[in-house]
Amino acid sequence: MNNVSFYDTKPYDRLYFDELAEQYGVRIHYFDEKLNKKTATFAEGEAVVAFVNDNLGEDCLKVLYEKGVRVIAMRCSGYNNVNLKYAKDKFHVLRVPAYSPYAVAEYAMGTLLTVNRKLHRAYNRTKEFNFSLNGLTGFDLHGKTIGVIGTGRIGQAFISICKGFGMRVLAYDVYPMPEPDFEYVSLDELYRESDIISLHCPLTKESYHMIDAESIRQMKQGVYLLNTSRGALIDSEALLEGLMSRKIGGAALDVYEEETEYFYEDFSNDIIDDDTLARLVSLPNVLITSHQAFLTREALRNIAVTTLENLKEYFDGKTEFTNEIR
Ligand code: NAD
């Protein structure tokens, strides 16, 4: 049996990994803690499994290397939290490039329907026997223009959902796909023309804060913003200002740039120090969820299978990996 250290564990993560671990010949050591330079000292064996809010910066990687870790299997597609430059030649960094684009795309549409048609508010009202409709007016999605940034697996799945709703789709991608059944435009045109903008590109140096005061200035009055990708694509202060000035009509965020400290944990008995997050949460036209767009049974199972397949390649002594990040 090969030892694997598994960080930031929640009960729903264990379910499918536990089911498959023996078959893949691994003994999993689960840690509730997020991976960072302190918790890296817990690592057992050569393999670590990490997630979106683990901090695999240089300090952490140094400790992992000293502990004998040689393979890092990200159980997610994004890897903006791994210092790849430092990891090079020391670790194999593997990931799950796709597990269910539908999970995230369907969730993105769910958040748009929620903020637009005020389902979150209606739910709370009727729970208290308040059957008033005042303030719950939304708009038809049919005929509206949606701007999709990033037309990879999730972006494409989201576009086909939007087309089913009868929306006009504009898209932007640094690598446009050939023969699209939607229109690629420049970012400026997308900002200018879209009633709703949805982010589906990775977080990179180039895409960091791509939605900032300047891009918001170019957008339509009353634009809705959706982010199921990575928090730091949006400058949260600029978003808050856009909402306060009423330029932005609504926002649905499954991710937040400072989410690491809060998301996946219960702070209902605490006072939140992050004023921007607290103000965003307090606005009636903002929906914030805790990085859960991936959370379907199908996605969790696919994540477990691909992560264990990735580790199997390492433990089988392969030198070429199907899902290595370079
Ligand atoms: P993908 O690699 O299939 O597609 C990403 C697309 O973005 C590619 O077409 C790429 O060319 C494009 N792109 C890269 N940089 C860009 C830029 N600066 N501007 C515009 N386009 C750019 O990835 P995917 O599977 O579709 O996932 C997209 C993102 O969704 C991931 O990077 C991840 O951050 C996020 N994600 C979030 C969740 C969640 O639970 N909320 C789950 C999975 C993935």
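Given the structure is predicted, the values throughout are model-derived calculations rather than measurements. (Residues numbered from 1 in each chain as written. Predicted model: local features only at pLDDT ≥ 70, side-chain atom pairs only at ≥ 80, totals over all residues. Heavy atoms only, no water.)

Q: Quick rundown of the environment of Ile 149? Include the residues and the values.
A: Within the fold, Ile 149 resides in strand β6 (residues 145-149). In the structure, Ile 149 is positioned 161 residues away from Asn 310 in sequence and 29 Å away in space, judged by C-alpha atoms. Residue contacts for Ile 149: discarding those within four places in its chain leaves Tyr 172, Leu 187, Leu 190, Tyr 191, Ile 197, Ser 198, Leu 199, His 200, Cys 201 and Met 210. (Helix = DSSP H or I, 4+ residues; strand = E, 2+ residues; numbered from the N terminus. Contact = heavy atoms within 4.5 Å.)

Q: Go over the site of the ligand with me, naming the residues and quoting the values.
A: Lining the immediate environment of the ligand, one finds 24 residues, of which Tyr 99, Arg 153, Ile 154, Asp 173 and Thr 228 sit closest. One of the backbone nitrogen or oxygen atoms of Gly 152 is found 3.5 Å away from an oxygen atom of the ligand. Between the ligand and Phe 294 there is a distance of 3.1 Å, counted from an oxygen atom to a backbone nitrogen or oxygen. Isolated, the ligand exposes 870 Å² of accessible area, and the fraction of that covered by the protein chains is 87%. When the residues that make up the shell around the ligand are grouped by side-chain class, the tally is 11 nonpolar, 9 polar and 4 charged. (Near = heavy atom within 4 Å. Polar contact = N/O pair within 3.5 Å; in protein donor to acceptor, adjacent residues only side chain to side chain. Areas by Shrake-Rupley, 256 points an atom, 1.4 Å probe, with all protein chains shown as cover. Nonpolar A, V, L, I, M, F, W, Y, C, P; charged D, E, K, R; others polar.)

Q: Before we move on, could you go through the state of the cysteines and cite the residues and values that matter?
A: Where two cysteines share a covalent bond between their sulfur atoms, that bond is called a disulfide. By the definition in use, this model includes 0 disulfides. Considering cysteine sulfurs only, Cys 60 is the nearest to Cys 76, which forms no disulfide, with 14 Å between them. Taking relative accessible area as the criterion, Cys 76 reaches 1% and is therefore assigned buried. Take Cys 201: it sits in no disulfide, and the sulfur closest to it among the cysteines is that of Cys 162, at 16 Å. (Disulfide = S-S within 2.5 Å. Buried < 20%, exposed > 50% of the residue type's maximum accessible area, 1.4 Å probe, protein only.)

Q: Please give an account of the nonpolar core that cites residues and values.
A: Residues Leu 35 and Leu 64 are the most contacted members of the largest nonpolar core, which totals 52 residues. Among the elements that take part in this core, helix α11 (residues 297-315) stands out by supplying 7 residues, more than any other. Look past the residues within four positions of Leu 64 in its chain and what remains in contact with it is Leu 35, Ala 40, Ala 43, Val 48, Val 69, Ile 72 and Phe 91. Of all hydrophobic cores here, the second largest spans 32 residues; its members include Ile 149, Leu 203, Leu 225 and Leu 253. (Core = buried A, V, L, I, M, F, W, Y, C linked by side-chain atoms within 4.5 Å.)

Q: Report on the side chain of Ser 207, specifying residues and quantitative values.
A: Tracing the backbone shows Ser 207 in the loop between β9 (196-199) and α8 (213-218). Ser 207 gets classed as buried once you look at its relative accessible area, which sits at 7%. Polar contacts involving the side chain of Ser 207 include one to the main-chain carbonyl oxygen of Pro 202, which spans 2.7 Å. In terms of polar contacts, Ser 207 uses its side chain to reach the backbone amide nitrogen of Thr 204, at 2.8 Å. If we skip the residues at most four places from it in the chain, Ser 207 touches Cys 201, Pro 202, Ala 232 and Leu 233.

Q: Quick rundown of the pairing of strand β2 (residues 26-30)? Include the residues and the values.
A: Side chains Val 26, Ile 28 and Tyr 30 of β2 all project onto a buried face; the interleaved residues Arg 27 and His 29 project onto a face where none is buried. Relative to β2, strand β1 (residues 2-6) runs parallel, the two sharing 5 bridges. Note on β2: the bridge partner recorded for Phe 6 is Tyr 30. (Pairing = 2+ DSSP bridges.)

Q: I'd like a description of the pattern of salt bridges, backed by residues and values.
A: One pass over the structure, following the stated rule, counts 12 salt bridges. Here the salt bridges share partners, and the residues they tie into one network are Asp 8, Lys 10, Lys 34 and Glu 265. (Salt bridge = Lys/Arg side-chain N within 4 Å of Asp/Glu carboxyl O.)

Q: Break down the sheet that holds strand β10 (residues 223-227) for me, with residues and values.
A: Read from one edge to the other, the open sheet built from 7 strands follows the order β8-β7-β6-β9-β10-β11-β12, with strand pairing classed as parallel. The open sheet has two edge strands, β8 (183-184) and β12 (286-288), and neither has a second partner. Of the strand pairs in this sheet, β9 and β10 are connected by 4 bridges, and their pairing is parallel. Across the sheet, the residue bridging to Ile 197 is Leu 225, located in β10. Where helix α6 (residues 153-164) meets the sheet, it contacts β6, β7 (168-172), β9 and β10, and its direction lies at approximately 175° from that of β6. (Axes fitted to C-alpha atoms, helices over the stretch in contact; angles between N-to-C directions.)

Q: Any details on the environment of Gly 138? Residues and values, ideally.
A: Mapped onto the fold, Gly 138 is located in the loop between α5 (119-127) and β6. Owing to a relative accessible area of 31%, Gly 138 belongs among the partly exposed residues under this scheme. Between the C-alpha atom of Gly 138 and that of His 200, which follows or precedes it by 62 residues, the distance is 24 Å. In this structure Gly 138 touches Asn 116 and Arg 117, once residues within four positions along its chain are discounted.

Q: How would you summarise the confidence of the model for the protein chain if you had to cite specific residues and measurements?
A: In this model, the protein chain carries an average pLDDT of 97, and 100% of its residues clear a pLDDT of 70 or more. Helix α1 (residues 11-21) is the least confidently modelled element of the protein chain, averaging 95 in pLDDT, while β9 averages 99, the highest of any element. (pLDDT = per-residue confidence, 0-100.)

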